[in-house]
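One-letter residues, chain by chain:
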Amino acid sequence: MAPTFNAETRASDLVRHYGPNISGKTILITGVSPGSLGESFVKQVAVAQPAVFILAGRSIPKMQGLVDELNSTHPGIKVKPLTLNLLSFSDVRKAAETVNAWPDVPHIDVLVNNAGIMAVPYKLTEDGFESQFQTNHLSHFLFTNLIMGKVLASPAPRVVLVSSGAHRAGHIRWSDYNFNEGKTYQRWLSYGQSKTANALMGLSLAERLGSRGLVAFPMCPGTSFTNLSAHGKDDLAALAADLTEMDNFYGNKWLWGMKELKFKDLDQGVATHVFAAFDTGIVQHNGAFLSDCHVADPDKEEVYPWATSKVDAERLWKLSEKLVGQEFDY
């Protein structure tokens, strides 16, 4: 029986449904630390026996438990850890060079840009950019394009970009993406900007490379308790109040609790990841924003216009090229 596709959908059910689409694939995912959605995605998808999992993260020791578990429970899957520090363009370039040099990985079928930080205190990276904007967008933009040759070598290449419903809290701040060195910083405005950027990047990839077979989907996983908000666990009330302030400012349906917040467990939390990565029926909607295992409905405020604008997508692509110091013409 086919699974239902809604907020209750479980990744484990989808993996059984998409088994033939997963088996034998080479999958690269960023952000697989313990307790994360990335780790949950890997554990769920492993059941369907992909050929290779490339697990990218800043700390190899932190993902060693997952590597050991996969080697024990699914010995048929080749597991390749990859050091990827998204706070440094130099480190991102080194990671891309490593992937491109692997002779045993001739192609990457699915790239899942999952890693991220959320609503953190203001900080500039070594490259001089606000940390959420660089971690969540700029470094993924650079890494994705640097390994695009191996992605396009797949017979059915796909890129999944983990955005968030919190893109509602911030469009791209074209003239002040660094928040005036912190003077205009608001943590959810910054997070929202980075998640809008994820959505626009997915749209750009579909527009630029769809003719070469690439399928790209930005998506919202919903709300789950993960390690993403660990830094704010002692300040959850203030964290929520800051987000409510932004909802009230933008006047969307989240203001004053008009929309009920439903939490997902980790199995449900990666269902849309799996849907975006392996569903074949949505290919005709290349570049669309996904939510709760369906194409997001703007009339229900599941996606906002600044995250689906082709004009803004093109503008962000050009800005991102300028900021990472490299052009990617396809």
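Residues numbered from 1 in each chain as written. Predicted model: local features only at pLDDT ≥ 70, side-chain atom pairs only at ≥ 80, totals over all residues. Heavy atoms only, no water.

A. Representation of the packing of aromatic side chains within the structure. Evaluated as defined, the whole model comprises twelve aromatic pairs. For the ring pair Tyr 304 and Trp 306, a centre distance of 5.4 Å and an interplane angle of 20 degrees mean the geometry is stacked. These aromatic residues form a ring-pair network of at least three members: Phe 89, Phe 129, Phe 133 and Tyr 177. Against the face of Trp 102 rests Lys 80, its NZ or CZ located 4.3 Å from the ring centre. (Phe/Tyr/Trp six-rings, centres within 6.5 Å; stacked < 30°, edge-to-face > 60°. Lys NZ or Arg CZ within 6 Å of the ring centre and 35° of its normal.)

B. Fine view of the sheet that holds strand β5 (residues 158–162). The strand order across the open sheet built from eight strands is β3-β2-β1-β4-β5-β6-β9-β10, with neighbouring strands paired in mixed fashion. Two strands bound the open sheet, and with one partner strand each, they are β3 (78–83) and β10 (294–295). Across three bridges, strand β1 (residues 26–30) lies against strand β4 (residues 110–113) in parallel orientation. Bridging across to β4, Leu 28 finds its partner in Leu 111. Running over the sheet, helix α4 (residues 60–73) touches β2 (52–57) and β3 and is turned about 175 degrees from β3. (Pairing = 2+ DSSP bridges. Helix = DSSP H or I, 4+ residues; strand = E, 2+ residues; numbered from the N terminus. Contact = heavy atoms within 4.5 Å. Axes fitted to C-alpha atoms, helices over the stretch in contact; angles between N-to-C directions.)

C. Representation of the nonpolar core in the model. Counting residues in each nonpolar core, the largest one holds 46 residues, and the members touching the most others are Leu 28, Phe 143, Ile 147 and Leu 205. Secondary structure elements with two or more residues in this core: β2, α5 (89–101), α6 (131–146), α7 (148–152), β5, α8 (187–209) and α12 (310–324). Setting aside its immediate chain neighbours within four residues, Leu 205 contacts Thr 144, Met 148, Val 159, Gly 210, Leu 214, Ala 216 and Trp 317. Grouped together as the second largest cluster of nonpolar side chains are 39 residues, Ile 22, Ile 27, Phe 53 and Val 79 included. (Core = buried A, V, L, I, M, F, W, Y, C linked by side-chain atoms within 4.5 Å. Buried < 20%, exposed > 50% of the residue type's maximum accessible area, 1.4 Å probe, protein only.)

D. Quick peek at empty space enclosed by the protein. Under the defined criterion, the tally for this structure stands at one cavity of 30 Å³ or more. Considering only enclosed or pocket space, the largest cavity measures out at about 40 Å³ in volume. Lining the largest cavity we find Asn 113, Ala 115, Asn 136, His 140, Leu 161, Val 162, Lys 195 and Asn 198. Sorting the residues of the lining of the largest cavity by element identifies α6, β5 and α8 as the ones contributing at least two each. The class makeup of the residues in the lining of the largest cavity is three nonpolar, four polar and one charged. (1 Å grid on protein atoms, 1.4 Å probe; cavity = no way out; pocket = protein on both sides within 12 Å on 5 of 7 lines; lining within 4 Å. Points joined across faces, edges and corners; volume = space filled by probe spheres on them. Nonpolar A, V, L, I, M, F, W, Y, C, P; charged D, E, K, R; others polar.)

From the geometry alone we can't say anything about function, so treat these as descriptive.
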